[in-house]
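The lines below spell out each chain.
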Amino acid sequence: VRRFIENAGAADIPLVCYTWEASKAGHDVERIWDHLTYFLEHVIPVAEKAGVRMAFSPGDPRTSAMGEAGGLNSVEGLIRLMEIAPGSCHGLDFRPSVLVGTPGVDIIETARFFSARKKIFVFTTDDIIKTSSTISDSVGGEGKINILEVLKTCRASGFEGPLRSGRQPTMP
């Protein structure tokens with residue numbers, strides 16, 4: 001991975017996205033955090049030296065063992081991740097859909113929090129419809145998130161990065 005990041009820097013590629021998840025139930029979440037910390041402690045200094053920004057992209061909450069409270073698909077988890085490697089080259093692919101339905105989470109305030117700290121490098125615009133027992137992909141405007149308001153909040157708080165469409169729903 002370090003060589004990959006060095007090569008990205010040598011090729012003037014300014015941004016690399018990464019993900020980190022264990023998709024099988026029964027994984028020890030703290031052990032996953034330990035492995036992720038080790039990874040970041042060895043990769044982020046290489047990224048800084050190479051002039052490459054690293055953006056964490058959260059996994060699908062339908063399959064991720066890290067989707068539970070305090071995991072990578074939670075505000076607390078994203079804050080913890082940024083604290084592990086707080087440098088200016090480490091940030092997020094902000095994907096508000098992974099936070100939908102999380103008790104107590106205000107997506108607008110979360111967007112403002114990370115944007116103001118210059119931690120949103122990419123914004124993924126997927127949206128979902130989440131009920132107590134199912135999650136399904138949504139066409140823009142049908143889901144739980146007002147993507148336009150979240151984007152406006154990010155821009156007003158300092159976000160200047162690219163947009164990325166995420167999962168798209170299956171069309172009939």
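To keep things clear, this report deals only with the structure shown in the data block. The shown structure was predicted, so the numbers you read here are calculated from the model rather than taken from an experiment.

### What to know about the pairing of strand β2 (residues 53–56)
Next up, step 1: For strand β1 (residues 15–18) and β2, the ladder comprises four bridges, and the chain directions are parallel. Note that in β2 the partner of Leu-15 across the bridge is Arg-53.

### Section: the pairing of strand β4 (residues 120–124)
Next up, step 1: For β4, the tally of buried residues reaches five of five residues, placing the bulk of the element in the interior.
Next up, step 2: Between strand β3 (residues 90–94) and its parallel partner β4, the chain crosses via helix α4 (residues 107–116), and the hand of that crossover is right-handed.
Next up, step 3: Judged from the two bridges that link them, β4 and strand β7 (residues 163–164) form a sheet pairing that is parallel. When the bridges of β7 are listed, Phe-123 appears paired with Leu-163.

### Structural notes on the packing of aromatic side chains
Next up, step 1: The tally for this structure, following the rule as stated, stands at six aromatic pairs.
Next up, step 2: Here Tyr-18 and Phe-39 contribute two aromatic rings whose centre-to-centre distance is 5.8 Å and whose plane-to-plane angle is 50°, an arrangement assigned as tilted. A residue pair is termed long-range when its members are at least 10 positions apart, and Tyr-18 in strand β1 and Phe-39 in helix α2 (residues 29–50) qualify at 21 residues. Phe-39 carries the same exposure label as Tyr-18, and that label is buried.
Next up, step 3: In this structure an aromatic cluster arises from ring pairing among Tyr-18, Trp-20, Phe-39 and Phe-56.
Next up, step 4: Here Arg-53 stacks its cationic end above the ring of Phe-121, 4.0 Å away from the centre of that ring.
Next up, step 5: Between the NZ or CZ atom of Arg-80 and the centre of the ring of Trp-33, over which it lies, the distance is 4.2 Å.

### Describing the sheet that holds β2
Next up, step 1: Read across the open sheet, the five strands follow the order β1-β2-β3-β4-β7; overall the sheet is parallel. Looking at which strands have only one partner, the edges of the open sheet turn out to be β1 and β7.
Next up, step 2: Here three bridges tie β3 to β4, and the two strands are oriented parallel to one another. Note that in β4 the partner of Phe-94 across the bridge is Phe-123.
Next up, step 3: Contacts from α4 reach β3 and β4 within the one sheet, and its direction differs from that of β3 by about 150°.

Cut-offs used in this document
- Residues numbered from 1 in each chain as written.
- Predicted model: local features only at pLDDT ≥ 70, side-chain atom pairs only at ≥ 80, totals over all residues.
- Heavy atoms only, no water.
- Pairing = 2+ DSSP bridges.
- Helix = DSSP H or I, 4+ residues; strand = E, 2+ residues; numbered from the N terminus.
- Buried < 20%, exposed > 50% of the residue type's maximum accessible area, 1.4 Å probe, protein only.
- Right-handed = clockwise from strand over helix to strand, strands pointing away.
- Phe/Tyr/Trp six-rings, centres within 6.5 Å; stacked < 30°, edge-to-face > 60°.
- Lys NZ or Arg CZ within 6 Å of the ring centre and 35° of its normal.
- Contact = heavy atoms within 4.5 Å.
- Axes fitted to C-alpha atoms, helices over the stretch in contact; angles between N-to-C directions.

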